[in-house]
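Chains, contacts and geometry: an overview
Here is what each chain is made of, one letter per residue.
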Amino acid sequence: MVHNDYDVLPYRSMPFAQTQPSHLAATAMLFGMEPPPVAGSRVLELGCAAGGNIIPLAVRFPNAQFSGVDLSARHVEDGQRTIRQLGLNNIQITQGDLAAIDLAGQQFDYIICHGVFSWVPRSVQDAIFRICSENLVSNGVAYISYNVLPGWHLRKIVRDLCTHHAGKEGAPQHRVARARWMLNQVAKLSSDTTNFGRILRDEAKLTAPLPDSYILGEFLADENSPCYFHEFVDRAADHGLTFLCEANLAASIPESYGAEQAKLIRAIAGSSGAVLEQYIDFFTGRPFRRSLLIKSGQASTIQRTLSPERLRPLHFSSQLRLDPVANEGANAVFTHQQRSMSTNDPVLRRVMERLASAYPGTCTLDDLVGAIEDDNLPDPPQSKAIAEARLSEALFKAVASADITISSTPLQVGRAMSGFPAVFKLARLQAAGGQDWANSLQHRAVALHPAMRLLLPFLDGTQDRNMLRERLDEALRTRQISIEQLN
């Protein structure tokens, strides 16, 4: 089992939105499944580290039950300490080897295994499949992430270089420093006149800015065994498990990669979803997958032809915001960080604006229908039924392209103009501990501005803005924070 005294693998040290049971349930619902309700569900995480993924979920869903298992005693102790500080009674984290733990008689609605599978011996991988097979309820959903070939062949070149130069001796920090130095040299000096040189330089440039924990876990860990998707699916089938789709739905849709590629991939794959997924990997060089598995007994109920009608019970959100600079006439451009989408459909534009105003909260289909029932829209829909049909089609395309995210449960939040601001209890604890990022209710890691890190512990709903301003003034006077940091 992968663990060390330096840091956990990056995949398990932070929350990740696509591991939320509410996201897994919503994705399964798109395929016609009826997964267990999340609010009262039983959730198991294999290789949970210090609980960075499931502790926030336990805070948000107090009526659900969460269990985590990890090999590292230090990480388990850290997680248990956080659980005590938060006063949670719906979660337990225990130490154990996945190949040896006894979960007989226990059933779980959702099983999560993030950033573990490729970094453990085959016997532990088999145990992960066995646990999913034996301990997942009949309509449950399992999530497993892993490195995949052929895309990871390129990363293996970098791994071989790092492991050779870093060696086996010395503290993890020193080995990471040696590997990082070599990556920097490769990025600067590899020849761009040969295919090998260009590949090595590109991979080194991509890897160099990543955190030390990534270098340690991905390139210096003793175990790292990527596999082909078809191999993963065959092994899952041997344990009575069937592939549903990727947690990122857009990754399972060939059209996400271009019309010409999609046409060829679909022609090769025919009616086989597994073949289609494998050829997506061949054409794109994807190095990492986040696959959802279900019990094979549910396979006959799956409706592989996705339909906008199945959006009705879901809840929607989007981080994209209207970009006033990039807009051109009727063409609206929405952006967030490196992601962007453009549309000349006034219905989709109104929907995206409504989602932006609600974020991080979610909207229902009825909320969004209400947003487009406006006489100012060009060619306004004449009835709610027409509006809903028109909206569902546009919404489905945005969900399929990952511009809009889905959830089986609503998320309601306060607004920034509140006189007595209050934030997520876990985020206050993280800021008070000096952490430079905090959990959001959307199950994302949010980087903290120095001023926010200072004030966050006090945003418990008992202090108004004047009191918070006085705290900030005092911090400036006592030099806990500087004017430069506020800019």
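Everything in this summary refers to the structure shown in the same document. (Residues numbered from 1 in each chain as written. Predicted model: local features only at pLDDT ≥ 70, side-chain atom pairs only at ≥ 80, totals over all residues. Heavy atoms only, no water.)

Describing empty space enclosed by the protein
A complete count under the given rule lists 1 cavity of 30 Å³ or more for this structure. Quantified by volume, the largest cavity comes out at close to 40 Å³. Taken together, Q20, P56, L57, R60, S440, L441 and H443 form the lining of the largest cavity. Of the residues in the lining of the largest cavity, the class split is 3 nonpolar, 3 polar and 1 charged. (1 Å grid on protein atoms, 1.4 Å probe; cavity = no way out; pocket = protein on both sides within 12 Å on 5 of 7 lines; lining within 4 Å. Points joined across faces, edges and corners; volume = space filled by probe spheres on them. Nonpolar A, V, L, I, M, F, W, Y, C, P; charged D, E, K, R; others polar.)

Thoughts on the pairing of strand β2 (residues 65-70)
The element β2 is largely enclosed, with a buried count of 5 among its 6 residues. Bridging between strand β1 (residues 42-46) and β2 involves 5 bridges; their strand directions are parallel. By the bridge assignment for β2, E45 is matched with G68. Following the chain from β1 across helix α3 (residues 54-60) to the adjacent parallel β2, one finds a crossover that is right-handed. Where β2 lies against strand β3 (residues 91-95), 5 bridges are found, and the strand directions are parallel. From the neighbouring strand, S67 faces β3, where its bridge partner is Q92. (Buried < 20%, exposed > 50% of the residue type's maximum accessible area, 1.4 Å probe, protein only. Helix = DSSP H or I, 4+ residues; strand = E, 2+ residues; numbered from the N terminus. Pairing = 2+ DSSP bridges. Right-handed = clockwise from strand over helix to strand, strands pointing away.)

A closer look at the pattern of salt bridges
All told, the structure shown has 20 salt bridges when counted by the stated rule. Among the ionic pairs, D281 bridges to R289, the shortest N-O distance being 3.0 Å. The class of D281 is buried, set by a relative accessible area of 0%. Judged by relative accessible area, which is 0%, R289 ranks as buried. Within the structure, one salt-bridge network assembled from shared partners comprises E246, E277, D281, R286 and R289. (Salt bridge = Lys/Arg side-chain N within 4 Å of Asp/Glu carboxyl O.)

Observations regarding the side chain of Q430
Looking at the secondary structure, you find Q430 in helix α16 (residues 425-432). Using a relative accessible area of 11% as the deciding quantity, one classes Q430 as buried.

Concerning the packing of helix α6 (residues 152-166) against helix α9 (residues 212-219)
It is at 10 Å that the axes of α6 and α9 come closest, and there the two elements cross at 100 degrees. Our classification of the angle between α6 and α9 gives roughly perpendicular. Every residue of α9 that contacts α6 at W152, R155, V158, R159, C162 and T163 is listed here: Y214, E218 and F219. Tallied by class, the residues present in the contact of α6 with α9 amount to 5 nonpolar, 1 polar and 3 charged. (Axes fitted to C-alpha atoms, helices over the stretch in contact; angles between N-to-C directions. Parallel < 35°, antiparallel > 145°, perpendicular 65-115°, else oblique. Contact = heavy atoms within 4.5 Å.)

Concerning the sheet that holds strand β10 (residues 321-322)
Read across the sheet, 3 strands follow the order β10-β11-β12 without closing on themselves; strand pairing throughout is antiparallel. On the outer flanks of this sheet lie β10 and β12 (339-343), each paired with one strand and no other. Bridge count for strand β11 (residues 332-336) against β12 is 5 bridges, and the pairing is antiparallel. Within the sheet, the bridge partner assigned to T335 lies in β12 and is S340.

Regarding the packing of helix α7 (residues 172-189) against helix α8 (residues 195-207)
The axes of two packed helices give the description: the angle between them and the distance between them. The contact between α7 and α8 brings their axes to 8 Å, and the two run at 135 degrees. As summarised for this structure, α7 and α8 are arranged oblique, according to the angle between their axes. For α7 against α8, the interelement crossing comes out left-handed. Contact residues: L183, V186, A187, K188 and L189 in α7; L200, R201, A204, K205 and T207 in α8. (Left-handed = near helix turned anticlockwise from the far one by under 90°.)

As for the packing of aromatic side chains
Under the counting rule described, the total for this entry stands at 10 aromatic pairs. Here the aromatic rings of Y228 and F282 are separated by 6.1 Å at their centres, their planes lie at 50 degrees, and the arrangement is tilted. Taken together, the residues span a long stretch of sequence, with Y228 in strand β6 (residues 227-228) and F282 in helix α12 (residues 273-284) at a distance of 54 residues. On the basis of relative accessibility, which here comes to 21%, the residue Y228 falls in the partly exposed class. Overall, F282 belongs to the partly exposed group, its relative accessible area being 41%. Through pairs of rings, three or more aromatic residues link up here, namely F117, F129, Y146 and F232. Above the ring of F229, the side-chain terminus of R289 is found at 4.1 Å from the ring centroid. (Phe/Tyr/Trp six-rings, centres within 6.5 Å; stacked < 30°, edge-to-face > 60°. Lys NZ or Arg CZ within 6 Å of the ring centre and 35° of its normal.)

A short note on a nonpolar patch on the surface
Taken together, the side chains of L264, I268, V275, F282 and F283 define a hydrophobic patch exposed on the protein surface, amounting to about 390 Å² of accessible area. Of all the elements in the fold, those that place two or more residues in the nonpolar patch are α11 (259-269) and α12. Ranked by the residues each element gives to the nonpolar patch, the list is headed by α12, at 3 residues. (Patch = residues over 30% accessible without salt bridge, like charges linked within 9 Å, V, L, I, M, F, W, Y side chains within 5 Å. Areas by Shrake-Rupley, 256 points an atom, 1.4 Å probe, with all protein chains shown as cover.)

Brief notes about helix α4 (residues 73-86)
Here α4 spans 20 Å end to end across 14 residues, near enough to the 20 Å set by a 1.5 Å rise per residue. Residues of α4 that are buried include every one of H75, V76, G79, I83 and L86, and no others. Considered in projection along α4, the buried side chains sweep an arc of 100 degrees and stay on one side of the axis. G87 lies just past α4 and shows a positive phi near 65 degrees. (Expected span 1.5 Å × (residues − 1). Arc of directions from axis to C-beta.)

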